[in-house]
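Here's the letter readout for the chains.
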Amino acid sequence: MTMQIADTVSLSASEAKSRAHAAAAQDNLRTEPRAVRIAIITLAIVFLSVFVVLPLVVVFAQAFSRGVLAYLSALAEPEAIAAIKLTLIVAAISVGLNLVFGLVAAWAIAKFEFRGKTFLITLIDLPFSVSPVISGLVFVLLFGAQGYFGSWLRDHDIQILFAVPGIALATTFVTFPFVARALIPLMQEQGTQEEEAAISLGASGLQTFFRVTLPNIKWGVLYGVLLCNARAMGEFGAVSVVSGHIRGETNTMPLLVEILYNEYQFVAAFAIASLLAMLALITLIAKTVLERHLDEGEDASDH
């Protein structure tokens, strides 16, 4: 009993000491001269205003420059509706595929040790280091008329490039790291104890995944899906290479914005751009909420 009391006292003392160190560190951060702190805060505000706030204000101001009716009529154009529908379809396909891949890849990397694990992680990060235009050209070399599979596709009357499949493939390649990268560190931190306990109690692999693993990573899944969807809807480079720019058929929203702007249809261009800007704002808000849930989950697991 005396030993337990002594351990409790020592733990309380160590906690108090760590809190004192944290408070001292915060006080040290505030010892910078007032002028330096004001300069740093002002610089951050100016930077965000010039590169984030001002472009958003310009987009919405230009979109509504001729009134709400002109804005709504620009969005109601058949070409705009086709671009919006295509963007939503491609985003749904790419997010669905990347959700499956991200869950499988994160499960394999976080829960198992196998040969080639480092190589798999490198492949997942590949789209971050390759230009989207280059990835689009790769699909042209594979599925184009003179490409590796071009003759076979032509003989079987299968259209990949300049159609929805090619756009979906290019978008999926560009966005596939997001779900996996959101889940890998989360699943690694959680470890394998709960899964091993479930299996030891007689649960199957699927039961363990759906009843133990998935509930623990649900906020990470939503976080990865959110980022993947935002990137998919805003992708320009890879889609521009494989789409063929067929008006009303293979133009997504970013491609249509460029076409309308080059044709001096500024209100229509900025109207479509405003939809993408609203998507960015919604993504930012949802990202903040999900990050809060992830932080709360980490704090709960620590306790």
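To be clear, the structure that these remarks concern was listed above.
Parameters at a glance
Residues numbered from 1 in each chain as written. Predicted model: local features only at pLDDT ≥ 70, side-chain atom pairs only at ≥ 80, totals over all residues. Heavy atoms only, no water. Buried < 20%, exposed > 50% of the residue type's maximum accessible area, 1.4 Å probe, protein only. Helix = DSSP H or I, 4+ residues; strand = E, 2+ residues; numbered from the N terminus. Phe/Tyr/Trp six-rings, centres within 6.5 Å; stacked < 30°, edge-to-face > 60°. Axes fitted to C-alpha atoms, helices over the stretch in contact; angles between N-to-C directions. Left-handed = near helix turned anticlockwise from the far one by under 90°. Contact = heavy atoms within 4.5 Å. Nonpolar A, V, L, I, M, F, W, Y, C, P; charged D, E, K, R; others polar.

**Q** For helix α14 (residues 253-262), give the residues involved together with the corresponding values.
**A** Burial analysis of α14 places seven of its ten residues in the buried class, the great majority of the element. Among the residues of α14, M253, P254, L255, L256, V257, I259 and L260 are the ones counted as buried. In the stretch just after α14, Y264 is the one whose phi turns positive, near 65°.

**Q** Account for unusual backbone geometry, with residues named and values stated.
**A** Despite not being glycine, F162 shows a phi value in the positive range, around 60°. Inspection of the secondary structure assignment puts F162 in the loop between α7 (150-155) and α8 (164-175). One non-glycine residue, H245, lies in positive phi territory at about 55°. Examined against the element boundaries, H245 turns out to sit in the loop between α13 (237-243) and α14. The exposure class assigned to H245 is partly exposed, which follows from its relative accessible area of 30%.

**Q** Please set out the packing of aromatic side chains residue by residue, giving values where relevant.
**A** One pass over the structure, following the stated rule, counts 15 aromatic pairs. A ring pair is formed by Y148 and F149, whose centres lie 4.9 Å apart and whose planes are at 90°; its orientation type is edge-to-face. Residue Y148 is classed as exposed on the basis of its relative accessible area, which comes to 66%. On the basis of relative accessibility, which here comes to 36%, the residue F149 falls in the partly exposed class. Residues F173 and F176 carry aromatic rings whose centres are separated by 5.9 Å and whose planes lie at 65° to one another, so their mutual orientation is edge-to-face. Among the residues examined, F173 registers a relative accessible area of 23% and is labelled partly exposed. You can call F176 buried: its relative accessible area is 15%. In textbook terms, an aromatic cluster arises when at least three aromatic residues are bridged by ring pairs, as seen for F101, F139, F143, Y148, F149, F173 and F176.

**Q** Let's hear about the packing of helix α4 (residues 78-111) against helix α12 (residues 218-234): which residues, and what values?
**A** Remark: α4 packs on α12, axes separated minimally by 9 Å, with the N-to-C direction vectors making an angle of 145°. Classified by chirality, the crossing of α12 by α4 is right-handed. Residue-level inspection shows T87, L88, A91, S94, V95, N98, L99 and L103 of α4 in contact with α12, the latter providing V221, V225, C228, N229, A232 and M233. Here the residues of the contact of α4 with α12 are counted per class, giving ten nonpolar, four polar and no charged.

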